Amino acid sequence: MTGAKGIEQELRAALEAYLTSYLTRWDLQKAVALFSPTIHGVGTGHDEFVPERRVFLEIYERDFRQAPNAIVWEQSRLQVAVLSDTVGITTCELHLHTQIQGQEIHLNNLRQSLVWKRHESGRWVIEHLHISFPSTEHGQDESYPNKELEARNRVLARLVEKRTAQLREALEEQRQLANTDRLTGMNNRPRIEELASTEFLGAQRYGYPVSSILVDVDWFKRINDQHGHLIGDSVLKAFADIITARLRAVDHAGRWGGEEFLIICPHIGIEGALALARGLRETIAAHPFPKIGPWTASIGVSQYRPGETLQDFFGRTDAALYRAKELGRNRVEVAPNGP
Ligand SMILES: Nc1nc2c(ncn2[C@@H]2O[C@H](COP(=O)(O)OP(=O)(O)OP(=O)(O)O)[C@@H](O)[C@H]2O)c(=O)[nH]1
(Lines give C-alpha, C1' and ligand atoms only; values in the text may rest on other atoms or scores of the structure.)
Protein backbone atom coordinates (compact mmCIF):
# COMPACT_ATOMS: atom_id res chain seq x y z
CA MET A 1 0.00 0.00 0.00
CA THR A 2 2.90 2.25 0.72
CA GLY A 3 3.69 1.51 -2.87
CA ALA A 4 0.40 2.95 -4.23
CA LYS A 5 0.48 5.90 -1.83
CA GLY A 6 4.09 6.49 -2.71
CA ILE A 7 3.32 6.36 -6.43
CA GLU A 8 0.45 8.81 -5.93
CA GLN A 9 2.86 11.20 -4.20
CA GLU A 10 5.33 10.80 -7.00
CA LEU A 11 2.68 11.56 -9.61
CA ARG A 12 1.50 14.67 -7.74
CA ALA A 13 5.11 15.88 -7.60
CA ALA A 14 5.65 15.10 -11.29
CA LEU A 15 2.51 17.04 -12.22
CA GLU A 16 3.57 19.98 -10.05
CA ALA A 17 7.02 19.98 -11.69
CA TYR A 18 5.47 19.84 -15.13
CA LEU A 19 2.99 22.69 -14.48
CA THR A 20 5.62 24.85 -12.80
CA SER A 21 8.15 24.59 -15.57
CA TYR A 22 5.52 25.01 -18.27
CA LEU A 23 3.25 27.68 -16.79
CA THR A 24 5.80 29.90 -15.10
CA ARG A 25 7.42 30.07 -18.52
CA TRP A 26 10.70 29.41 -16.84
CA ASP A 27 11.89 26.47 -18.75
CA LEU A 28 10.35 24.93 -21.82
CA GLN A 29 13.05 22.26 -22.01
CA LYS A 30 12.32 21.18 -18.47
CA ALA A 31 8.63 20.85 -19.25
CA VAL A 32 9.11 18.88 -22.43
CA ALA A 33 11.73 16.69 -20.78
CA LEU A 34 8.73 15.17 -18.98
CA PHE A 35 7.26 14.02 -22.28
CA SER A 36 7.74 10.40 -23.22
CA PRO A 37 9.46 9.89 -26.59
CA THR A 38 6.21 8.30 -27.79
CA ILE A 39 3.85 10.91 -26.31
CA HIS A 40 0.62 11.65 -28.18
CA GLY A 41 -2.63 13.41 -27.36
CA VAL A 42 -4.66 16.48 -28.18
CA GLY A 43 -3.90 20.17 -27.83
CA THR A 44 -6.22 23.09 -27.17
CA GLY A 45 -6.12 24.61 -30.65
CA HIS A 46 -8.65 23.94 -33.32
CA ASP A 47 -8.09 20.54 -34.87
CA GLU A 48 -4.98 19.83 -32.80
CA PHE A 49 -4.76 16.10 -32.73
CA VAL A 50 -1.17 15.35 -31.89
CA PRO A 51 0.24 12.06 -33.14
CA GLU A 52 3.84 12.48 -31.97
CA ARG A 53 6.22 14.31 -29.68
CA ARG A 54 7.58 16.57 -32.44
CA VAL A 55 4.15 18.15 -32.94
CA PHE A 56 3.77 18.78 -29.21
CA LEU A 57 7.12 20.54 -29.18
CA GLU A 58 5.98 22.82 -32.02
CA ILE A 59 2.75 23.61 -30.17
CA TYR A 60 4.61 24.36 -26.94
CA GLU A 61 7.11 26.60 -28.64
CA ARG A 62 4.30 28.49 -30.31
CA ASP A 63 2.54 28.71 -26.95
CA PHE A 64 5.60 30.29 -25.34
CA ARG A 65 5.86 32.82 -28.15
CA GLN A 66 2.19 33.77 -28.03
CA ALA A 67 2.00 34.08 -24.26
CA PRO A 68 5.50 34.93 -23.05
CA ASN A 69 4.47 36.13 -19.56
CA ALA A 70 4.28 33.90 -16.54
CA ILE A 71 0.91 32.22 -16.15
CA VAL A 72 -0.55 32.22 -12.67
CA TRP A 73 -2.59 29.10 -12.08
CA GLU A 74 -4.91 27.56 -9.58
CA GLN A 75 -5.48 23.91 -9.59
CA SER A 76 -8.58 22.13 -8.32
CA ARG A 77 -10.31 18.75 -8.39
CA LEU A 78 -7.06 16.87 -8.70
CA GLN A 79 -7.48 13.14 -8.99
CA VAL A 80 -4.64 10.70 -9.17
CA ALA A 81 -5.34 7.18 -10.35
CA VAL A 82 -2.57 4.69 -9.88
CA LEU A 83 -3.16 1.92 -12.39
CA SER A 84 -0.02 -0.03 -11.77
CA ASP A 85 3.54 0.46 -10.61
CA THR A 86 4.38 1.97 -13.95
CA VAL A 87 1.16 3.69 -15.11
CA GLY A 88 -0.92 6.43 -13.53
CA ILE A 89 -3.39 9.13 -14.52
CA THR A 90 -3.72 12.68 -13.18
CA THR A 91 -6.87 14.63 -13.87
CA CYS A 92 -7.42 18.18 -12.69
CA GLU A 93 -9.05 21.49 -13.42
CA LEU A 94 -6.89 24.56 -14.04
CA HIS A 95 -7.66 28.27 -14.00
CA LEU A 96 -5.02 30.29 -15.83
CA HIS A 97 -4.40 34.03 -15.57
CA THR A 98 -1.90 36.02 -17.59
CA GLN A 99 -1.38 39.11 -19.70
CA ILE A 100 -1.20 38.88 -23.45
CA GLN A 101 -0.53 42.04 -25.49
CA GLY A 102 -1.39 44.16 -22.48
CA GLN A 103 -4.74 42.44 -21.91
CA GLU A 104 -5.72 40.36 -18.92
CA ILE A 105 -6.58 36.84 -20.03
CA HIS A 106 -8.41 34.37 -17.82
CA LEU A 107 -8.92 30.81 -18.93
CA ASN A 108 -11.11 29.15 -16.37
CA ASN A 109 -12.08 25.53 -15.88
CA LEU A 110 -9.50 24.15 -18.24
CA ARG A 111 -9.54 20.36 -17.85
CA GLN A 112 -6.39 18.39 -18.13
CA SER A 113 -5.80 14.65 -18.17
CA LEU A 114 -2.31 13.19 -18.23
CA VAL A 115 -1.37 9.57 -18.58
CA TRP A 116 1.95 8.97 -16.88
CA LYS A 117 4.35 6.11 -17.47
CA ARG A 118 7.40 5.21 -15.44
CA HIS A 119 10.44 5.44 -17.63
CA GLU A 120 13.22 2.83 -17.43
CA SER A 121 15.23 5.43 -15.56
CA GLY A 122 12.56 5.42 -12.84
CA ARG A 123 11.29 8.92 -13.74
CA TRP A 124 7.63 9.51 -14.50
CA VAL A 125 7.01 10.81 -18.05
CA ILE A 126 3.83 11.89 -19.78
CA GLU A 127 2.62 9.35 -22.31
CA HIS A 128 -0.67 10.96 -23.23
CA LEU A 129 -1.94 14.51 -22.77
CA HIS A 130 -5.42 15.93 -23.17
CA ILE A 131 -6.61 19.46 -22.48
CA SER A 132 -10.12 20.74 -22.99
CA PHE A 133 -12.11 23.92 -22.36
CA PRO A 134 -15.48 23.14 -20.83
CA SER A 135 -18.68 24.59 -22.19
CA THR A 136 -19.31 26.51 -18.95
CA GLU A 137 -16.62 28.94 -20.05
CA HIS A 138 -19.16 30.55 -22.37
CA GLY A 139 -22.39 29.74 -20.61
CA GLN A 140 -24.14 26.63 -19.39
CA ASP A 141 -25.91 25.92 -22.63
CA GLU A 142 -23.09 26.59 -25.05
CA SER A 143 -20.24 24.42 -26.23
CA TYR A 144 -18.95 27.27 -28.34
CA PRO A 145 -18.91 31.00 -27.59
CA ASN A 146 -21.84 31.66 -29.90
CA LYS A 147 -23.47 34.37 -27.81
CA GLU A 148 -20.21 36.21 -27.40
CA LEU A 149 -19.49 35.91 -31.12
CA GLU A 150 -22.99 37.02 -32.02
CA ALA A 151 -22.65 40.07 -29.80
CA ARG A 152 -19.28 40.83 -31.36
CA ASN A 153 -20.76 40.37 -34.83
CA ARG A 154 -23.57 42.76 -34.03
CA VAL A 155 -21.05 45.38 -32.97
CA LEU A 156 -19.07 44.75 -36.15
CA ALA A 157 -22.19 44.90 -38.30
CA ARG A 158 -23.12 48.26 -36.76
CA LEU A 159 -19.59 49.49 -37.35
CA VAL A 160 -19.64 48.33 -40.97
CA GLU A 161 -23.06 49.94 -41.45
CA LYS A 162 -21.80 53.21 -40.02
CA ARG A 163 -18.62 53.13 -42.11
CA THR A 164 -20.61 52.25 -45.24
CA ALA A 165 -22.93 55.20 -44.65
CA GLN A 166 -19.95 57.49 -44.12
CA LEU A 167 -18.33 56.14 -47.29
CA ARG A 168 -21.57 56.59 -49.24
CA GLU A 169 -21.78 60.17 -48.00
CA ALA A 170 -18.16 60.84 -48.92
CA LEU A 171 -18.68 59.32 -52.37
CA GLU A 172 -21.81 61.38 -52.89
CA GLU A 173 -19.87 64.47 -51.84
CA GLN A 174 -17.10 63.58 -54.29
CA ARG A 175 -19.64 62.97 -57.05
CA GLN A 176 -21.28 66.32 -56.32
CA LEU A 177 -17.91 68.06 -56.41
CA ALA A 178 -16.94 66.34 -59.67
CA ASN A 179 -20.22 67.43 -61.27
CA THR A 180 -20.41 70.95 -59.93
CA ASP A 181 -19.07 74.24 -61.19
CA ARG A 182 -17.26 75.74 -58.22
CA LEU A 183 -18.18 79.37 -58.80
CA THR A 184 -21.89 79.08 -59.52
CA GLY A 185 -22.78 75.80 -57.82
CA MET A 186 -24.47 74.73 -61.07
CA ASN A 187 -23.76 71.56 -63.04
CA ASN A 188 -20.42 71.87 -64.77
CA ARG A 189 -19.94 71.33 -68.47
CA PRO A 190 -19.20 67.59 -68.45
CA ARG A 191 -22.23 66.99 -66.25
CA ILE A 192 -24.64 69.09 -68.32
CA GLU A 193 -23.38 67.33 -71.46
CA GLU A 194 -24.03 64.01 -69.79
CA LEU A 195 -27.55 65.07 -68.76
CA ALA A 196 -28.21 66.32 -72.28
CA SER A 197 -27.15 63.00 -73.87
CA THR A 198 -29.45 61.12 -71.52
CA GLU A 199 -32.36 63.34 -72.54
CA PHE A 200 -31.54 62.88 -76.23
CA LEU A 201 -31.61 59.13 -75.85
CA GLY A 202 -35.03 59.48 -74.20
CA ALA A 203 -36.18 61.82 -76.95
CA GLN A 204 -35.06 59.39 -79.66
CA ARG A 205 -36.60 56.38 -78.02
CA TYR A 206 -39.91 57.86 -76.81
CA GLY A 207 -40.25 60.69 -79.31
CA TYR A 208 -40.71 63.53 -76.82
CA PRO A 209 -39.29 66.96 -77.68
CA VAL A 210 -36.17 68.39 -76.06
CA SER A 211 -35.04 71.97 -76.39
CA SER A 212 -31.92 73.83 -75.40
CA ILE A 213 -31.43 77.45 -74.36
CA LEU A 214 -28.00 79.08 -74.37
CA VAL A 215 -27.72 82.25 -72.28
CA ASP A 216 -24.69 84.53 -72.70
CA VAL A 217 -24.08 87.60 -70.56
CA ASP A 218 -23.71 90.68 -72.74
CA TRP A 219 -20.50 92.68 -72.65
CA PHE A 220 -19.25 90.66 -69.76
CA LYS A 221 -15.65 91.59 -70.42
CA ARG A 222 -16.56 95.19 -69.54
CA ILE A 223 -17.70 94.13 -66.07
CA ASN A 224 -14.35 92.52 -65.42
CA ASP A 225 -12.48 95.42 -66.91
CA GLN A 226 -14.39 98.13 -65.04
CA HIS A 227 -15.11 96.43 -61.70
CA GLY A 228 -12.57 93.65 -61.44
CA HIS A 229 -12.83 89.87 -61.58
CA LEU A 230 -14.39 89.46 -58.15
CA ILE A 231 -17.39 91.55 -59.13
CA GLY A 232 -17.41 89.64 -62.44
CA ASP A 233 -17.61 86.43 -60.45
CA SER A 234 -20.47 87.67 -58.30
CA VAL A 235 -22.41 88.71 -61.41
CA LEU A 236 -21.95 85.22 -62.87
CA LYS A 237 -23.25 83.75 -59.62
CA ALA A 238 -26.27 86.09 -59.74
CA PHE A 239 -27.02 85.01 -63.33
CA ALA A 240 -26.77 81.36 -62.31
CA ASP A 241 -29.23 81.97 -59.45
CA ILE A 242 -31.73 83.75 -61.69
CA ILE A 243 -31.61 80.92 -64.23
CA THR A 244 -31.88 78.20 -61.62
CA ALA A 245 -34.86 79.90 -59.95
CA ARG A 246 -36.86 79.90 -63.18
CA LEU A 247 -36.45 76.26 -64.09
CA ARG A 248 -38.88 73.39 -63.63
CA ALA A 249 -37.69 70.43 -61.62
CA VAL A 250 -37.20 68.36 -64.80
CA ASP A 251 -35.03 70.97 -66.55
CA HIS A 252 -31.26 70.87 -66.37
CA ALA A 253 -28.97 73.86 -66.28
CA GLY A 254 -25.23 74.17 -66.22
CA ARG A 255 -22.34 76.50 -66.81
CA TRP A 256 -21.36 75.97 -70.41
CA GLY A 257 -18.34 78.25 -70.53
CA GLY A 258 -17.02 81.50 -69.01
CA GLU A 259 -20.19 83.59 -69.13
CA GLU A 260 -22.45 81.11 -70.94
CA PHE A 261 -25.16 78.96 -69.39
CA LEU A 262 -26.97 76.06 -71.04
CA ILE A 263 -30.47 74.93 -70.17
CA ILE A 264 -31.88 71.60 -71.37
CA CYS A 265 -35.66 71.34 -71.31
CA PRO A 266 -37.07 67.87 -71.83
CA HIS A 267 -40.72 67.60 -73.01
CA ILE A 268 -40.63 71.16 -74.29
CA GLY A 269 -40.81 72.10 -77.99
CA ILE A 270 -39.51 75.25 -79.57
CA GLU A 271 -42.54 77.37 -78.64
CA GLY A 272 -42.32 76.49 -74.96
CA ALA A 273 -38.55 77.01 -74.97
CA LEU A 274 -38.95 80.41 -76.63
CA ALA A 275 -41.47 81.46 -73.99
CA LEU A 276 -39.11 80.36 -71.22
CA ALA A 277 -36.16 82.15 -72.85
CA ARG A 278 -38.12 85.37 -73.30
CA GLY A 279 -39.25 85.32 -69.69
CA LEU A 280 -35.67 84.74 -68.63
CA ARG A 281 -34.37 87.62 -70.73
CA GLU A 282 -36.95 89.95 -69.17
CA THR A 283 -36.15 88.82 -65.64
CA ILE A 284 -32.45 89.34 -66.25
CA ALA A 285 -32.94 92.77 -67.83
CA ALA A 286 -35.08 93.85 -64.85
CA HIS A 287 -32.67 92.56 -62.23
CA PRO A 288 -30.74 95.17 -60.24
CA PHE A 289 -27.29 93.61 -60.13
CA PRO A 290 -25.19 94.94 -57.25
CA LYS A 291 -22.41 97.33 -58.33
CA ILE A 292 -23.20 97.12 -62.05
CA GLY A 293 -26.94 97.90 -62.01
CA PRO A 294 -29.16 96.54 -64.79
CA TRP A 295 -27.50 94.20 -67.22
CA THR A 296 -28.63 92.05 -70.15
CA ALA A 297 -28.09 88.70 -71.76
CA SER A 298 -28.49 87.29 -75.26
CA ILE A 299 -30.16 83.95 -75.72
CA GLY A 300 -30.19 81.28 -78.43
CA VAL A 301 -32.86 78.60 -78.56
CA SER A 302 -33.30 75.42 -80.58
CA GLN A 303 -35.24 72.18 -80.51
CA TYR A 304 -33.51 68.84 -80.84
CA ARG A 305 -33.99 67.12 -84.18
CA PRO A 306 -34.09 63.37 -83.66
CA GLY A 307 -31.05 61.80 -85.23
CA GLU A 308 -28.77 64.81 -85.10
CA THR A 309 -25.59 64.66 -83.07
CA LEU A 310 -25.06 66.51 -79.85
CA GLN A 311 -22.53 68.75 -81.60
CA ASP A 312 -24.96 69.60 -84.39
CA PHE A 313 -27.67 70.45 -81.90
CA PHE A 314 -25.47 72.63 -79.75
CA GLY A 315 -24.00 74.14 -82.93
CA ARG A 316 -27.47 75.31 -83.97
CA THR A 317 -28.19 76.71 -80.50
CA ASP A 318 -24.87 78.50 -80.61
CA ALA A 319 -25.68 79.90 -84.06
CA ALA A 320 -28.97 81.22 -82.66
CA LEU A 321 -27.08 82.92 -79.84
CA TYR A 322 -24.59 84.37 -82.30
CA ARG A 323 -27.50 85.85 -84.26
CA ALA A 324 -28.94 87.37 -81.07
CA LYS A 325 -25.58 89.08 -80.49
CA GLU A 326 -25.36 90.18 -84.11
CA LEU A 327 -28.83 91.66 -84.02
CA GLY A 328 -27.98 93.89 -81.10
CA ARG A 329 -27.93 91.72 -77.90
CA ASN A 330 -30.56 91.55 -75.13
CA ARG A 331 -32.57 89.33 -77.51
CA VAL A 332 -33.81 85.81 -77.94
CA GLU A 333 -33.25 84.09 -81.30
CA VAL A 334 -34.14 80.70 -82.69
CA ALA A 335 -31.60 78.69 -84.70
CA PRO A 336 -31.39 80.26 -88.21
CA ASN A 337 -32.36 77.15 -90.14
CA GLY A 338 -35.43 76.27 -88.13
CA PRO A 339 -36.07 74.75 -84.70
N1 LIG B 1 -14.84 87.16 -63.56
C2 LIG B 1 -14.83 86.13 -64.38
N3 LIG B 1 -14.63 86.33 -65.69
C4 LIG B 1 -14.65 85.29 -66.54
C5 LIG B 1 -14.84 83.98 -66.06
N6 LIG B 1 -14.80 83.15 -67.13
C7 LIG B 1 -14.60 83.92 -68.24
N8 LIG B 1 -14.50 85.21 -67.89
C9 LIG B 1 -14.29 86.39 -68.76
O10 LIG B 1 -15.48 86.61 -69.54
C11 LIG B 1 -15.12 87.46 -70.62
C12 LIG B 1 -15.95 87.10 -71.84
O13 LIG B 1 -15.71 88.09 -72.78
P14 LIG B 1 -16.11 87.99 -74.29
O15 LIG B 1 -16.07 86.56 -74.75
O16 LIG B 1 -15.27 88.97 -75.06
O17 LIG B 1 -17.58 88.40 -74.37
P18 LIG B 1 -18.40 89.62 -73.76
O19 LIG B 1 -17.53 90.68 -73.20
O20 LIG B 1 -19.40 89.04 -72.81
O21 LIG B 1 -19.14 90.18 -74.98
P22 LIG B 1 -20.36 89.54 -75.77
O23 LIG B 1 -20.48 88.12 -75.34
O24 LIG B 1 -19.98 89.68 -77.21
O25 LIG B 1 -21.53 90.35 -75.41
C26 LIG B 1 -13.62 87.26 -70.82
O27 LIG B 1 -12.97 88.49 -70.52
C28 LIG B 1 -13.23 86.20 -69.80
O29 LIG B 1 -11.96 86.43 -69.23
C30 LIG B 1 -15.02 83.79 -64.66
O31 LIG B 1 -15.18 82.70 -64.15
N32 LIG B 1 -15.01 84.88 -63.87
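Everything below is about the structure printed above this text.
Note that this is a predicted model, so its numbers are computed, not measured.

**Student:** Outline the overall build of the chain, supporting the account with residue identities and numerical values.
**Tutor:** Per the secondary structure count, the chain includes nine helices and 13 strands. Across the 339 residues of the chain, 40% fall into the buried class. Counted over contacts in the chain with a minimum sequence separation of 6, partners at least 24 positions apart contribute 59%. Summing over all exposed atoms, the chain offers an accessible surface of approximately 19,300 Å²; the carbon and sulfur share of this is 54%.

**Student:** Can you explain the pattern of salt bridges? Please cite residues and give values.
**Tutor:** Scanning all chains against the criterion turns up 21 salt bridges. Salt-bridge contacts for Arg54 lead to Glu52; the nearest nitrogen and oxygen are separated by 3.4 Å. The salt bridge partner of Arg189 is Glu193, with a shortest N-O separation of 3.4 Å. Remark: Glu193 and Arg189 occur in helix α5 (residues 189–206); sequence separation between them is four residues, near one turn of the helix. Relative accessible area serves as the criterion here: at 34%, Arg189 is assigned to the partly exposed category. Taken together, the salt bridges that share partners define one network made up of Lys5, Glu8 and Arg12.

**Student:** Before we move on, could you go through the packing of aromatic side chains and cite the residues and values that matter?
**Tutor:** As enumerated under the stated definition, the model contains 14 aromatic pairs in all. Ring plane angle 45° and centroid distance 5.5 Å describe the contact between Phe35 and Phe56, whose orientation is recorded as tilted. Highlighted residues: Phe35 in strand β1 (residues 35–42) and Phe56 in helix α3 (residues 53–66), separated in sequence by 21 residues. With respect to burial, Phe35 and Phe56 carry one shared label: buried. By the ring-pair criterion, three or more aromatic residues cluster together here, those being Tyr18, Tyr22, Phe35, Phe56, Tyr60 and Phe64. Over the face of the ring belonging to Trp256 we find Arg189, whose NZ or CZ atom lies 3.7 Å from the ring centre. Geometry around Trp219 places Arg222 over its ring, the cationic atom sitting 3.9 Å from the centre.

**Student:** Outline the side chain of Arg316, listing residues and values.
**Tutor:** Within the fold, Arg316 resides in helix α9 (residues 310–326). A polar contact of 2.7 Å, which involves the side chain of Arg316, links it to the backbone oxygen of Gln303.

**Student:** Quick rundown of the environment of Asp63? Include the residues and the values.
**Tutor:** By the element assignment, Asp63 lies in helix α3. Here the alpha-carbon distance between Asp63 and Arg25, two residues 38 residues apart in the chain, equals 9.8 Å. In this structure Asp63 touches Tyr22 and Arg25, once residues within four positions along its chain are discounted. Within the structure, Asp63 has its side chain in polar contact with the side chain of Arg25 (distance 2.8 Å).

**Student:** Any chance you could break down the pairing of strand β4 (residues 87–100) for me, citing the residues and the numbers?
**Tutor:** Here strand β3 (residues 72–82) runs beside β4; their pairing, made up of nine bridges, is antiparallel. Each residue of the ladder has a partner; that of Ser76, found in β4, is Glu93. Adjacent in sequence and paired antiparallel, β3 and β4 are bridged by four residues. Inspection of the sheet shows β4 paired to strand β5 (residues 103–118) by 13 bridges, in the antiparallel sense. Across the sheet, residue His97 finds its bridge partner in β5, namely His106. Following β4, the chain reverses through two residues before pairing antiparallel with β5; Gln101 in that reversal takes a positive phi of roughly 50°.

**Student:** If you had to explain the side chain of Arg25 to someone new, which residues and values would you point to?
**Tutor:** Its place among the elements puts Arg25 in the loop between α1 (2–23) and α2 (28–32). Apart from the residues within four sequence positions on either side, Arg25 is in contact with Thr20, Asp63, Phe64, Ala67, Pro68, Asn69, Ala70 and Ile71.

**Student:** Explain the sheet that holds β3 to me, and be specific about the residues and the numbers.
**Tutor:** Within the open sheet, the six strands sit side by side as β2-β1-β6-β5-β4-β3. Their pairing is mixed. Bordering the open sheet on either side are β2 (49–50) and β3, each of which pairs with just one other strand. With respect to the sheet, α3 is in contact with β1, β2, β4 and β6 (124–132), its orientation differing from that of β1 by roughly 70°.

**Student:** Provide a residue-level description of the sheet that holds strand β13 (residues 332–334), including the pertinent values.
**Tutor:** With mixed pairing, five strands are arranged side by side in an open sheet as β8-β9-β7-β12-β13. Edge positions in the sheet fall to β8 (252–255) and β13, since each has one partner strand and no second. Sheet twist, expressed as the average angle between the axes of neighbouring strands with direction ignored, equals 20°. Inspection of the sheet shows strand β12 (residues 297–303) paired to β13 by three bridges, in the parallel sense. Residue pairing across strands places Val301 opposite Val334, the latter belonging to β13. The strands touched by α5 within the sheet are β7 (210–217), β8 and β9 (260–266), with β8 carrying the most contacts at an inclination of about 150°. Sheet contacts for α9: β7, β9, β12 and β13; angle to β12, the most-contacted strand, approximately 145°.

Rules used throughout
- Residues numbered from 1 in each chain as written.
- Predicted model: local features only at pLDDT ≥ 70, side-chain atom pairs only at ≥ 80, totals over all residues.
- Heavy atoms only, no water.
- Helix = DSSP H or I, 4+ residues; strand = E, 2+ residues; numbered from the N terminus.
- Buried < 20%, exposed > 50% of the residue type's maximum accessible area, 1.4 Å probe, protein only.
- Contact = heavy atoms within 4.5 Å.
- Areas by Shrake-Rupley, 256 points an atom, 1.4 Å probe, with all protein chains shown as cover.
- Salt bridge = Lys/Arg side-chain N within 4 Å of Asp/Glu carboxyl O.
- Phe/Tyr/Trp six-rings, centres within 6.5 Å; stacked < 30°, edge-to-face > 60°.
- Lys NZ or Arg CZ within 6 Å of the ring centre and 35° of its normal.
- Polar contact = N/O pair within 3.5 Å; in protein donor to acceptor, adjacent residues only side chain to side chain.
- Pairing = 2+ DSSP bridges.
- Axes fitted to C-alpha atoms, helices over the stretch in contact; angles between N-to-C directions.

Any functional reading would require information that these geometric values do not contain.
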